[in-house]
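What the coordinates show
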Amino acid sequence: MARTDPHSCFDDLQPRASRWHLRLLVDFESRILAGEVTLVFPRPASGVLDLDSKGLTIHRAWVSATGAGLPFELGPEEPILGRRLRLTLPADTHGVTIAYETSPDAAGLQWLEPAQTEGGRQPFLFSQCQAIHARSLVPCQDSAVARVGYDADVVVPEGLRAVMSAGPMGDEPGPMPGTRVFHFRMPQPIPSYLLALAVGDLESRELSPRSRVWAEPATVERAAWEFAGVETMIGAAEQLFGPYDWERFDMLVLPPSFPYGGMENPRMTFLTPTLLAGDRSLVDVVAHELAHSWTGNLVTNATAEHFWLNEGFTVWAERRILRELHGEEACAAAWAIGQNALDESLERFRAEPELTLLRTRLEGIDPDEAFSSIPYEKGARLVAVLEQAVGEAAFQDLLRAYMGRFRFTSITTEQFCAFVEERFPGLLRRVDADSWLHQPGMPGNAPVFRSGRLDRLTALARGWERGERPDAGQVEDWSPGELLVYLQNLPRALPLDDCAWLDRKLGLTARGNHELLVEWLCIAAASGYAPAFGRIREVLARVGRMKYLRPLYAALGRHADTRRLAREVFVAAAPGYHSLSRRAVLAELEKYPD
Ligand SMILES: [Zn+2]
């Protein structure tokens, strides 16, 4: 037996499915997906087949071609991994079909009441399978190395629309009255964590010949305006990596409870509505998800232990696209904002330095618990160091060759290193890659991204306690990214008069840009600045993005009265949070003193 992934019972000596055929009924009443999956093998298979499952009820399994029943055995529940589903295939099996249903609290699904949507009239469902939640939607080899294409037929209540990380193949009246069935086909092989489904009252707007945005009717116009520049972005990304390989780059703006900024589901990137700042200032998240079309979706981390291969390259690429579109200063501000996130993660893992390595060991560790800015920001800095060592042009060639060699495969850090060594012997040693990959914290040769403008506004922020203040002209001149760097460099708690001054001068509480708004609300919360409490309540009750919930709840922990506020808001808001967000907030609340 050869298990290659600490988070999956996938065994590379067993038959490997190359396609899934999914037939699913979306039942909003009971909050389950019910139906069948057929796992198709590229060549006749036999013997033991171990699948991952979590919270699934398995009804039956049979040989697809003959209908002959197959005995199955569900292993004991393991807290992180779920239950192993073991089938024994007779000789010459081309496919097996499993009838099953998901659990109402499936980790990979969030079911929303109409009241939790923008429109307020229809329910909504969305999936989030990364890192290991695909197994709560479908019994499968839930490891990124076991890539699959898929077809799906999804039956939903009439009036709702389904979208997936796949090409739409039309829709028609469903098998029961009052239903509609949507057909999908994903021809390219993807890791299981890129399976994605959303169902709701959705409309779309065309953005370019290969891109459209989907959202609820109440949001779709704003979304189309915000993301209108997507085609320019795709062009910039193609300059970097080569042609876009997934035909379409469509986006879906989800209701505000979506726990992440974005998820790079191929052909249908999922996005948080907090990006709709009204001034196109937060589209760097779109650049990030787009860059994943190459680094992540085309060349994929083999397991969560190599997550930096996905995220480090993607953050680096996102900033390169940003530089192309908005210039050096915007790029420098993005690196500075990233540095702040990196410093926070290094601090958070002070007692667990092994989680600050790039090449992690996660046996027995939940990937959702290990999630941090380290693979993103430390990873991006390693990519930048490699680029600086060989020069921009040679690095561009290396990137193209990397995409060419490993396209549509899932690789380890060790495979990446062997590839670099082959192209540039000695380079890894020269940049001390060993320290980057296998040592905690930041290596001594970490690159510093500076600009005169940033240095000046950082110095101004750090002079706050000496009474230094920006004048109106300076503030006018700052980009939203620069204003964020300024706020991040202010003291974390301020006297109430200072809070009032800042809020008045910079109009912070009324901001629609959530990066700026939440940075400010963290200062306001830690300072006990009551005029902002209403807005804090509003954000915590509405937005489920973990990036905002974590620091806001942490900042509220500072005073007894704000702790009371936090607990009260959490009790009311928790039922609307995604299970990932709920867990993240509970971890913050546990740190509060009694
Ligand atoms: Zn990413």
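Provided above is the structure to which this section pertains.
Here's what I pulled together on the structure shown here. (Residues numbered from 1 in each chain as written. Predicted model: local features only at pLDDT ≥ 70, side-chain atom pairs only at ≥ 80, totals over all residues. Heavy atoms only, no water.)

Thoughts on the overall build of the protein
Each helix and strand counted, the protein has 20 helices and 19 strands in total. Against the 2.2 N^0.38 benchmark of 25 Å for 594 residues, the protein shows a C-alpha radius of gyration of 24 Å, consistent with a compact globule. Here the protein, with 594 residues, has 59% of them falling under the buried criterion. In the protein, the proportion of contacts linking residues at least 24 apart, taken out of those at least 6 apart, comes to 71%. The distance from the centre of the 62 positive side-chain charges to the centre of the 79 negative ones in the protein is 1 Å. (Helix = DSSP H or I, 4+ residues; strand = E, 2+ residues; numbered from the N terminus. Rg over C-alpha atoms; globule rule 2.2 N^0.38 Å. Buried < 20%, exposed > 50% of the residue type's maximum accessible area, 1.4 Å probe, protein only. Contact = heavy atoms within 4.5 Å. Lys, Arg positive; Asp, Glu negative; His and termini not counted. Charge placed at Lys NZ, Arg CZ, Asp CG, Glu CD.)

A closer look at helix H4 (residues 307–326)
Since one α-helical turn is 3.6 residues long, residues separated by three or four positions face the same way. In this model H4 runs 28 Å from its N-terminal to its C-terminal C-alpha over 20 residues, within 8% of the 28 Å that 1.5 Å per residue would give. Summarising burial for H4: 16 of the 20 residues are buried, a large majority. Just downstream of H4, Gly327 is the residue with a positive phi angle, here 95°. (Expected span 1.5 Å × (residues − 1).)

Comments concerning the coordination of the zinc ion
Tetrahedral coordination by four donors puts the ideal angle at the metal at 109.5 degrees, and octahedral coordination by six puts it at 90 or 180 degrees. The protein atoms donating to the zinc ion are His288 (NE2), His292 (NE2), Glu311 (OE) and Glu311 (OE), with metal-donor distances spanning 2.1 to 2.7 Å. Relative to the metal, the 4 donor atoms surrounding the zinc ion lie at angles of 53 to 151°, and the coordination shape comes out irregular. Mapping the donors of the zinc ion onto the primary sequence gives the spacing H-x3-H-x18-E. With respect to class, His288 is no different from His292; both count as buried. (Donors = N, O, S within 2.8 Å, 3.2 Å for Na, K, Ca; no water. Tetrahedral: all angles 85-135°; square planar, octahedral: opposite > 155°, others 65-115°.)

Here we look at the sheet that holds strand E13 (residues 203–208)
Reading across the sheet, the 5 strands line up as E13-E14-E15-E17-E16 and stay open at both edges, with mixed pairing between neighbours. A single partner strand is all that each edge strand has here, and the edge strands are E13 and strand E16 (262–263). Helix H1 (residues 217–226) contacts E13, strand E14 (211–215) and strand E15 (250–253) of the sheet and is inclined by roughly 10° relative to E13. Of the strands in this sheet, E15, E16 and strand E17 (268–271) are in contact with helix H3 (residues 284–291), which crosses E17 at around 145°. (Pairing = 2+ DSSP bridges. Axes fitted to C-alpha atoms, helices over the stretch in contact; angles between N-to-C directions.)

Describing the packing of aromatic side chains
Inspection of the entire model under this criterion finds 27 aromatic pairs. Measuring from centroid to centroid gives 3.9 Å for Trp335 and Phe449, while their planes differ by 10°, and the two rings are stacked. In this pair, Trp335 sits in helix H5 (residues 328–348) while Phe449 sits in the loop between helix H11 (433–438) and helix H12 (452–462), placing the two residues 114 residues apart along the sequence. The exposure class of Trp335 is buried, given its relative accessible area of 5%. Ring centres of Tyr402 and Phe406 lie 5.8 Å apart, and the angle between their planes is 70°; on these two criteria the pair is classed as edge-to-face. On the criterion of helical spacing, the pair formed by Tyr402 and Phe406 is a turn pair, its members being 4 residues apart in helix H8 (residues 392–406). Grouping aromatic residues by their ring pairs yields a cluster made of Phe126, Phe258, Tyr260, Phe270, Phe307, Phe371 and Tyr376. The ring centre of Trp335 lies 4.7 Å from the NZ or CZ of Arg319, which sits over that ring. (Phe/Tyr/Trp six-rings, centres within 6.5 Å; stacked < 30°, edge-to-face > 60°. Lys NZ or Arg CZ within 6 Å of the ring centre and 35° of its normal.)

Thoughts on the environment of Pro209
Summarising the element assignment, Pro209 is placed in the loop between E13 and E14. Classification of Pro209 as exposed rests on a relative accessible area of 78%. On a C-alpha basis, the gap between Pro209 and Glu231 in space is 8.7 Å, while along the polypeptide they are 22 residues apart.

Focus on the nonpolar core
Counting residues in hydrophobic clusters, the biggest one holds 147 residues, and the most contacted among them are Trp20, Ile98, Phe227, Phe270, Trp316, Tyr402 and Phe416. Take this core: its biggest share by element is 9 residues, from helix H7 (residues 374–390). Residues contacting Trp316, with those up to four places away along its chain left out, are Leu240, Trp335, Ala380, Val383, Ala384, Glu387, Phe395 and Leu399. Of all hydrophobic cores here, the second largest spans 53 residues; its members include Leu516, Leu517, Ile523 and Tyr577. (Core = buried A, V, L, I, M, F, W, Y, C linked by side-chain atoms within 4.5 Å.)

Some points on the side chain of Asp366
Along the polypeptide, Asp366 turns up in the loop between H5 and helix H6 (367–370). With a relative accessible area of 14%, Asp366 lands in the buried category. For Asp366, the side chain forms a polar contact with the side chain of Arg583, separated by 2.9 Å. Excluding residues that lie within four positions of it along the chain, Asp366 makes contacts with Ile80 and Arg583. (Polar contact = N/O pair within 3.5 Å; in protein donor to acceptor, adjacent residues only side chain to side chain.)

A word on the sheet that holds strand E12 (residues 197–200)
Read across the open sheet, the 4 strands follow the order E6-E7-E12-E9; overall the sheet is antiparallel. Two strands close off the open sheet at either side, each with one partner strand: strand E6 (109–112) and strand E9 (161–164). Put simply, the sheet's adjacent strands are angled 15° from each other on average, direction ignored. Summarising the sheet, strand E7 (residues 124–127) and E12 pair through 2 bridges and their orientation is antiparallel. Across the sheet, residue Phe126 finds its bridge partner in E12, namely Ala198.

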